[in-house]
Amino acid sequence: MKSIIDSHCHVMREYFGDEQKEVIERAFAEGVVQMVNPACSLTDIGEVLTLAERYPGIYAAVGIHPHEAKHWQSDSESILLRAAENSKVVAIGECGLDFFYNHSEAAQQKEVFAIHVKMAVALKMPIIVHCRDAWDECLDILEEHGQGQVRGVFHCFTGGPEILPRIKKLDFYVSFSGILTFKKSAAIQEAAPLVAENRILVETDCPYLAPQKVRGKRNEPSFVWHTLDKLAELRATSAESTAKSCVDNARELFALPVLN
Ligand code: NI
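Residues numbered from 1 in each chain as written. Predicted model: local features only at pLDDT ≥ 70, side-chain atom pairs only at ≥ 80, totals over all residues. Heavy atoms only, no water.

Engineer: How would you summarise the overall build of the protein if you had to cite specific residues and measurements?
Structural biologist: When helices and strands are tallied, the protein shows 10 helices and eight strands. The C-alpha atoms of the protein give a radius of gyration of 17 Å, which matches the 18 Å a tight globule of 260 residues would have. Along the first, second and third principal axes, the C-alpha atoms of the protein reach 45 × 40 × 35 Å. In the protein, which comprises 260 residues, the proportion classed as buried is 58%. For the protein, contacts bridging at least 24 residues in sequence account for 72% of all contacts bridging at least 6. For the protein, the exposed surface amounts to about 11300 Å²; the carbon and sulfur share of it is 50%. (Helix = DSSP H or I, 4+ residues; strand = E, 2+ residues; numbered from the N terminus. Rg over C-alpha atoms; globule rule 2.2 N^0.38 Å. Buried < 20%, exposed > 50% of the residue type's maximum accessible area, 1.4 Å probe, protein only. Contact = heavy atoms within 4.5 Å. Areas by Shrake-Rupley, 256 points an atom, 1.4 Å probe, with all protein chains shown as cover.)

Following this line, the structure appears as structure tokens:
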């Protein structure tokens, strides 16, 4: 059977309510063998750990989303560090900068992101980066605090080919979401074939950003196949080989075991 890994989803009760179990089981039934379900806030941590403990194929990441940077407190770092000790936590994140929505002040976003990068370096864990309209600042912080010391992924990649040289220098992974399938995503589609085969990942970032073919629906991990198909098409290769690369790469980055 075909297999894929959703490298970034939010299968939280907040979004799926009573259908949460059904959505998760549908993902497994449709070949999504593993998924990474990152926390966006301290409030999320309890549930991401519970889900990771309940389902062998679900992994957690812990971090504070840039939208939530304004809620950073003196004890936030120690709470994240404690959560990161859980063996199902495979990364620090999601964290980063979002200067499109600016739900938190830019200076505070930068400060909180830098703390995450330093944490990932100290814990030798990969980092999941959310970057929206903040490429220079995001890359500056990663280079300053993590160059050569931290591995990670730019999740839900929304940049164009011009961003790739700096990402390559950091040796980061690039994860494509449903945005890749949208008609208006010319720059992202242009970047997609330029990323090295051993650095590509796919994700849903559900519940938002459902791929073109199911656009308007609530997104869920089983829809990751649409993005995979588009990625394979843009890279002029088969869906099978692209899926295999995405699975291998996710396992490599997040040190995921091969489940039977
Ligand atoms: Ni996300």
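After that view of the structure, there is still more to cover.
Engineer: For the nonpolar core, give the residues involved together with the corresponding values.
Structural biologist: Residues Ile-4, Phe-113, Ile-127, Phe-154, Phe-157, Ile-167 and Phe-176 are the most contacted members of the largest nonpolar core, which totals 91 residues. Of all the elements, helix 5 (residues 106-123) adds the most residues to this core, at eight residues. Aside from chain neighbours lying at most four places away, what touches Ile-167 is Trp-135, Leu-139, Phe-154, Phe-157, Phe-172 and Val-174. (Core = buried A, V, L, I, M, F, W, Y, C linked by side-chain atoms within 4.5 Å.)

Engineer: If you had to explain the pattern of salt bridges to someone new, which residues and values would you point to?
Structural biologist: Evaluated as defined, the whole model comprises 13 salt bridges. One salt bridge connects Arg-13 with Asp-18, and the closest N-O pair in it is separated by 2.8 Å. Overall, Arg-13 belongs to the partly exposed group, its relative accessible area being 44%. Close ionic contact of Glu-25 with Lys-21 constitutes a salt bridge, the shortest N to O distance being 3.6 Å. Here Glu-25 pairs with Lys-21, and both are found in helix 2 (residues 20-29), just four residues apart, close to one helical turn. One salt-bridge network, in which partners are shared between bridges, spans Asp-136, Asp-140, Glu-143 and Arg-166. (Salt bridge = Lys/Arg side-chain N within 4 Å of Asp/Glu carboxyl O.)

Engineer: Provide a residue-level description of the pairing of strand 3 (residues 58-62), including the pertinent values.
Structural biologist: Most of strand 3 sits out of view: five of its five residues are buried. Burial of strand 3 is two-sided: the residues Ile-58, Ala-60 and Val-62 facing one way and the residues Tyr-59 and Ala-61 facing the other way are all buried. Where strand 2 (residues 32-38) meets strand 3, four bridges bridge the pair, whose relative direction is parallel. Each residue of the ladder has a partner; that of Val-36, found in strand 3, is Tyr-59. Chirality of the crossover, the property in question, places the unit of strand 2, helix 3 (residues 45-54) and strand 3 among those that are right-handed. As paired elements, strand 3 and strand 4 (residues 89-98) share three bridges and run parallel to each other. Bridging from a neighbouring strand, Val-62 pairs with Ile-92 of strand 4. (Pairing = 2+ DSSP bridges. Right-handed = clockwise from strand over helix to strand, strands pointing away.)

Engineer: Can you break down the coordination of the nickel ion residue by residue, with the values?
Structural biologist: Of the protein atoms, only His-8 (NE2), His-10 (NE2), Glu-94 (OE) and Asp-205 (OD) coordinate the nickel ion, at distances of 2.0 to 2.4 Å. Of note is the nickel ion, whose four donor atoms meet at the metal with angles of 85 to 177° in an arrangement that counts as irregular. Spacing between the donor residues of the nickel ion along their common chain follows H-x1-H-x83-E-x110-D. Here Glu-94 lies in strand 4 and His-8 lies in the loop between strand 1 (4-6) and helix 1 (13-16), a separation of 86 residues in the sequence. Residue His-8 shares its accessibility class with Glu-94, and that shared class is buried. (Donors = N, O, S within 2.8 Å, 3.2 Å for Na, K, Ca; no water. Tetrahedral: all angles 85-135°; square planar, octahedral: opposite > 155°, others 65-115°.)

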